[in-house]
Amino acid sequence: MASSEPAGAALDGVRRTGSWRAGVLGKPIAHSLSPVIHNAGYRAAGLSGWSYTATECAETELADLVAGLGPQWAGLSLTMPLKEAALAVAVDASPVAVAVGAANTLVRRPDGGWFADNTDVPGMVAVLREAGVRPGARIAVLGAGGTARAALAAAAALAATGVVVIARRAAAIDELAPVAAALGVPVGGSDWTAAPQAAADADVLISTVPKGIADPLAAHLAWASVKVFFDALYDPWPTPLAVAATAAGTTVVSGLDLLLAQAVGQFEQFTGVTAPVAAMRAALYAAPFSRAGAGPASARRSVTASPPRR
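Residues numbered from 1 in each chain as written. Predicted model: local features only at pLDDT ≥ 70, side-chain atom pairs only at ≥ 80, totals over all residues. Heavy atoms only, no water.

Asker: Can you walk me through the confidence of the model for the protein chain in this structure?
Answerer: Do not read the fine detail of predicted coordinates wherever pLDDT is low. Looking at the protein chain as a whole, its pLDDT mean stands at 90, while 88% of the residues score no less than 70. Scored below 50 in pLDDT, residues 290-310 shows 53 contacts in the model against residues more than four places distant or in partner chains. (pLDDT = per-residue confidence, 0-100. Contact = heavy atoms within 4.5 Å.)

As C-alpha cells, then:
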C-alpha cells in the first residue's frame, strides 16, 4: 500500500527529546559513511539523545532484525542488498518506493509500524537540478540495477524527454520495463558494446555501475552534447569517466553528492527536524574511509582544475 504522506509529517517534533536510535543496515557495512553524516547532524541540531550506528545484516536476516527492534528505534537506512527486501517488512510505503520496487529508508510510525521510502530518488533529483539539469533533458544511464531504477524515477521527476539504458545484459533492461511504465517515463535500451553511440545525443549521462566496469568507455565516449555527468561512485575518485568528462568541460557530480542528499531526507523523516546540511556535509568530507585509509577529501580533489560538485 502506498502513502503520499511523508513519514516525518506525523511526528510533530515528538522526537526532539528523549533517547532515540537509528542506523544503517547492509552487508558489507563497515565502510559506511552514514553514521558520520547522521551523528554530525544530531550534534549540530542539538539532538543529544540521538545515536546512529551501522549493523551488518544479510537479506535473509532483515525481517527478524527489524521485528526485534525496541521502541527507541526511530529509523533505518538500507543499503545493498536490502533495498528490495525492505518493502516486505513495511506496513506502508511511499509511491516512489513502490514504483521503483526498492526502499533505502524505514521510518517508525507512532503506531509502531514501519514506513518505507526511497530518498535516493529525490536526492538524485536534487543534485542533478543543482548541476543544471532542466526539464526536457535526454538522459543516458549506464547499468540496469537498483541505482538505475532510482535514475529512471529521477528522470521522470525531471520531465526527461527520454531515457536510454545501456547495459551488459538485455534481460536486465527488460526487467526495468515495469518500473518505467509505472513511472511514465519512455525508456529505450542499448547493448553495452554500443554505449558510445547510444550516449552520443544525451544531455545527461548517469553511471550506476560498480567501480571499474565503465572505465574502458572513457576513451570512447563523445562528450559534445553531455552537459552533466553523474557517477554514483566516490571511491576511488576521480573515475576515468569523471576525468574525461571534466576535460571536455562537462559538469561532474559525484556519488558523495547523492550520499549526502539521500541522508538529509532520511534525517528529517527520522527526527522531524530540519537537517543541518552544512554540518553534515562538512563531517562527510572530513571523514576517513573506514577501510581504504583515504577520506572523502579524495573525492573533492581536482579532477583537472575543479573538484566534483557537492
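Asker: Is there a simple way to explain the pattern of salt bridges in this structure?
Answerer: A side chain with one charge can pair with a side chain of the opposite charge if their charged atoms come near. Within this structure, the stated rule accounts for 3 salt bridges. The partner of R109 in a salt bridge is D92, and the shortest N-O contact between them spans 3.7 Å. One end of the pair, R109, is in the loop between β5 (105-108) and β6 (114-117); the other, D92, is in strand β4 (residues 92-93), and 17 residues separate them in sequence. Assessed through its relative accessible area of 14%, D92 is described here as buried. With a shortest N-O distance of 3.0 Å, D203 and R138 are connected by a salt bridge. You can see D203 sitting in the loop between α8 (195-198) and β10 (204-207) and its partner R138 sitting in strand β7 (residues 138-142), a full 65 residues away along the chain. A relative accessible area of 15% places D203 in the buried class. (Salt bridge = Lys/Arg side-chain N within 4 Å of Asp/Glu carboxyl O. Helix = DSSP H or I, 4+ residues; strand = E, 2+ residues; numbered from the N terminus. Buried < 20%, exposed > 50% of the residue type's maximum accessible area, 1.4 Å probe, protein only.)

Asker: Would you take a moment to explain the packing of helix α4 (residues 120-130) against helix α10 (residues 255-271) for this structure?
Answerer: For any two helices packed against each other, one specifies the inter-axial angle together with the distance between the axes. Closest axis-to-axis distance for the α4/α10 pair is 8 Å, and the angle between their directions is 125°. Regarding the angle of α4 to α10, the classification is oblique. Seen along the crossing, α4 lies across α10 with a hand that is right-handed. Side by side, α4 and α10 meet where D120, G123, M124 and V127 of the first sit next to D257, L258, A261 and Q262 of the second. A breakdown of the residues in the contact of α4 with α10 according to their chemical character gives 4 nonpolar, 2 polar and 2 charged. (Axes fitted to C-alpha atoms, helices over the stretch in contact; angles between N-to-C directions. Parallel < 35°, antiparallel > 145°, perpendicular 65-115°, else oblique. Left-handed = near helix turned anticlockwise from the far one by under 90°. Nonpolar A, V, L, I, M, F, W, Y, C, P; charged D, E, K, R; others polar.)

Asker: Can you help me understand the sheet that holds β4 in this one?
Answerer: Working definition: the strands of a sheet are paired by backbone hydrogen bonds and lie parallel or antiparallel to each other. Taken together, the 6 strands give an open sheet; going across it, the order is β2-β1-β3-β5-β6-β4, and neighbouring strands pair in mixed fashion. Of all the strands in the sheet, the pair left with one neighbour each is β2 (50-56) and β4. In the sheet, β4 pairs with β6 via 2 bridges, with the strands oriented parallel. In the sheet register, D92 faces β6, and the bridge partner there is F115. Packing against the sheet, helix α1 (residues 34-45) makes contact with β1 (20-26), β2 and β3 (73-78), and its axis sits at approximately 170° to β2. (Pairing = 2+ DSSP bridges.)

Asker: Any chance you could explain the side chain of S77 here in plain terms?
Answerer: Looking at the element boundaries, S77 is found in strand β3. Owing to a relative accessible area of 3%, S77 belongs among the buried residues under this scheme. One polar contact links S77 to Y52, side chain to side chain, over a distance of 2.6 Å. Those residues in contact with S77 that lie beyond four places of it in its chain are G23, V24, L25, H38, Y52, N104, Q266 and F270. (Polar contact = N/O pair within 3.5 Å; in protein donor to acceptor, adjacent residues only side chain to side chain.)

Asker: Would you take a moment to explain the nonpolar core for this structure?
Answerer: A general trend in soluble globular proteins is that nonpolar side chains are found buried together. With 40 residues, the main nonpolar core has L128 and I139 as its most contacted residues. Here this core gets 7 residues from one element, more than from any other, and that element is helix α5 (residues 146-157). Not counting residues within four places of it along the chain, the set of residues in contact with I139 comprises A155, A160, G162, V163, V164, A202, V204 and I206. Core analysis: the second largest hydrophobic core is formed by 26 residues, V24, W50, A275 and A287 among them. (Core = buried A, V, L, I, M, F, W, Y, C linked by side-chain atoms within 4.5 Å.)

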